[in-house]
Amino acid sequence: MQTPAETSSSGTRRNFLKRTSAVAAGLAAAPYILVSPRAFAANSETLKVGLVGCGGRGTGAASQTLHADRNVVLHAMGDIFEDRLKGSFEQIKKEHGERTMVTPDTSFLGFDAIDKVIGSGVDVVILATPPGFRPYHIKRCVEAGKHVFTEKPMATDGPGVRMVLEAAAKAKEKKLALTSGFCWRYNPAERQIMQRIHDGQIGTPLALQNTYNTGSLWVRQRQPGWSDMTYHLRNWYYYTWLSGDHIAEQAVHSLDKMQWAMKDEPPVKCIAHGGRQVRTGSDFGHIYDHFSVVYEYASGARGYHACRQQANCASDNSDYFMGTKGAATIKAFGSLFITGENPWRLRSREGIPNMYQVEHDEMYASIRRGEPINDGVWMAHSTLVAIMGRMAAYTGQEISWEQALNSQENLAKWVTKQEGVAGDPSFDWNMSLRTPEVAMPGLTKFV
Ligand SMILES: NC(=O)c1ccc[n+]([C@@H]2O[C@H](COP(=O)([O-])OP(=O)(O)OC[C@H]3O[C@@H](n4cnc5c(N)ncnc54)[C@H](O)[C@@H]3O)[C@@H](O)[C@H]2O)c1
């Protein structure tokens, strides 16, 4: 595999390791390389974890994993960028010391880092790359018999969702954990209100409204010498093949709560509006900055979703569930209450465990019990709900669940002109990429 100057194959990895140990030597006895004399005593119950995608969320997830179970060690790390792996390692090491047992031999850079991490002898893999890589990464982990904690969303297109569904079925057969980063499902506060909705306390759901409106996000300017691939990967948020667009990358949390309230019944179809008003420059790739989608369920219930990423506008992240007997409201990180025939209110969120921690606590407890959590089907379906909304907005057409599920639109294949979904380790840094255009409703075709 060819590598750009700023990233590496194993040759450059050695340089990184040399540099890293040199830095570390000034602080302590090269903690990156040497296992300290007080090292954690591994035993037959020890679960070795590999982290693939060492960015903000991956670093957090690895830390939560180490807090979740005293007999877990971080054994391997993989990324495509040296600076990300190094920064993540240092942060985790600082917090968890001797249980960060990653060595030069278990640090991997490149598109094949996923396979190298899997091959390093881990029991559990944390997947936290941009979502375009997720389907292939989940598939590889399950094939290799690894338990998985995977960040959301699970894919960026129909072929990716289908790959995840297949892997989820295999994970079930093999009794492997497939735990998702749809964190609200692990929040004890949200679980209380959802239980009440499921118990019928708002009656039959008729209308579900959810909003994920935020300001603008980070942008990484293209640097001299960057190949197309490097630029896309540094600025992954702005390319649909990697992020799924912001409805799938961020607002999917709201759509997941809508699906949760509907007991994971897929919507039959949707229509949508969307576009980009403030993200006009090429720095923003080709994604939209606002979407509005109306989903229709078989019962006639409708889901109304809106999301926006525009600076200096009102932010809001709320969910409203209106039924025949009442209404439930969730203000993200705020109040939760039900009005109508069965009024209820969560007194306070104080003391409620951190949902990001609960995900990992429950995953390890399930592995230890021999009944590993498998979130596979619903996590793939919630992802598809977002993708279907995007498809409807991009094309301007009504899109059915069946169409979205069977879509032949393979975004990575189109961009890279290569067979396979994103995550295929045969990708290389210098392949010429197609630049996707901004989708235009009425002109962009459903594929
Ligand atoms: N559950 C949540 O609340 C939550 C919050 C933030 C992010 N996330 C999700 O976590 C994922 C990562 O987001 P982030 O904010 O940490 O992004 P990030 O850019 O900080 O991290 C992504 C990392 O993956 C690496 N990477 C990219 N392609 C790779 C590949 N093929 N193999 C190995 N490493 C690769 C990048 O170099 C980077 O270090 C996204 O899917 C995002 O939606 C979830």
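Residues numbered from 1 in each chain as written. Predicted model: local features only at pLDDT ≥ 70, side-chain atom pairs only at ≥ 80, totals over all residues.

A.B. asks: How should the pairing of strand β13 (residues 336-340) be read in this particular structure?
C.D. replies: Each regular strand shows side chains that alternate between the opposite faces of the sheet. Where strand β12 (residues 326-331) lies against β13, five bridges are found, and the strand directions are antiparallel. In the strand pairing of β13, T329 is matched with F337. Connecting β12 to the antiparallel partner β13 that follows it, the hairpin turn spans four residues, and F333 within it adopts a positive phi of roughly 60°. The sheet contact formed by β13 and strand β14 (residues 344-345) spans two bridges and is antiparallel. Among the inter-strand pairings, F337 is bridged to a residue of β14, identified as R345. From the end of β13 to the start of β14, which pair antiparallel, there are three residues. (Pairing = 2+ DSSP bridges. Helix = DSSP H or I, 4+ residues; strand = E, 2+ residues; numbered from the N terminus.)

A.B. asks: I would appreciate a short explanation of the site of the ligand in the present structure.
C.D. replies: As a matter of local geometry, the ligand sits amid 26 residues, with G53, G55, R57, R84 and E151 nearest to it. Listed by contribution, the elements that provide at least two residues to the shell around the ligand are α2 (56-68), β2 (72-79) and α4 (113-119). No other element matches the three residues that α2 contributes to the shell around the ligand. Partitioning the shell around the ligand into residue classes produces 13 nonpolar, seven polar and six charged. (Near = placed C-beta within 6 Å. Nonpolar A, V, L, I, M, F, W, Y, C, P; charged D, E, K, R; others polar.)

A.B. asks: Help me understand the packing of α2 against helix α12 (residues 355-369) in this model?
C.D. replies: If you want to describe how two helices pack, look at the angle between their axes and the distance between the axes. It is the contact of α2 with α12, at a shortest axis distance of 8 Å, that shows an interaxial angle of 50°. Taken together, the axes of α2 and α12 are oblique relative to one another. For α2 against α12, the interelement crossing comes out right-handed. For the pair α2 and α12, the contacting residues are G60, Q64, T65, H67 and A68 in the first and Y356, Q357, H360, D361 and Y364 in the second. By residue class, the composition of the contact of α2 with α12 is three nonpolar, six polar and one charged. (Axes fitted to C-alpha atoms, helices over the stretch in contact; angles between N-to-C directions. Parallel < 35°, antiparallel > 145°, perpendicular 65-115°, else oblique. Left-handed = near helix turned anticlockwise from the far one by under 90°. Contact = placed C-beta atoms within 7 Å.)

A.B. asks: Is there a simple way to think about α2 in this case?
C.D. replies: An α-helical turn contains 3.6 residues, so any two residues separated by three or four positions project in the same direction. In this model α2 runs 19 Å from its N-terminal to its C-terminal C-alpha over 13 residues, within 8% of the 18 Å that 1.5 Å per residue would give. If you follow the buried residues of α2, they end up packed against β1 (47-52), β2, α3 (82-96), β4 (124-127), β5 (147-150) and α12. (Expected span 1.5 Å × (residues − 1).)

A.B. asks: Sorry, what's going on with the sheet that holds β14 here?
C.D. replies: Whether parallel or antiparallel, the strands of a sheet pair through hydrogen bonds between backbone atoms. Ordered by their spatial adjacency, nine strands build an open sheet running β14-β13-β12-β11-β7-β10-β9-β8-β15, and the pairing between neighbours is mixed. Across the chains shown, the open sheet's two edge strands, defined by having one partner strand only, are β14 and β15 (399-400). Where strand β8 (residues 269-275) lies against strand β9 (residues 290-296), seven bridges are found, and the strand directions are antiparallel. Of the residues in β9, the one forming a bridge with H273 is S292. Each of β8, β9, β10 (302-309) and β15 touches helix α13 (residues 376-395); the most contacted strand, β8, lies at about 60° to it.

A.B. asks: What am I meant to see in helix α7 (residues 188-198) here?
C.D. replies: Along α7, the positions that sit buried rather than exposed are E190, I193, M194 and I197. Along α7, the residues classed as buried sweep out an arc of 100° about the axis, all on the same side. Each element contacted by the buried residues of α7 is listed here: α11 (252-261), β11 (316-323), β12 and β13. (Buried ≥ 20, exposed ≤ 12 C-beta atoms within 10 Å, placed from the backbone. Arc of directions from axis to C-beta.)

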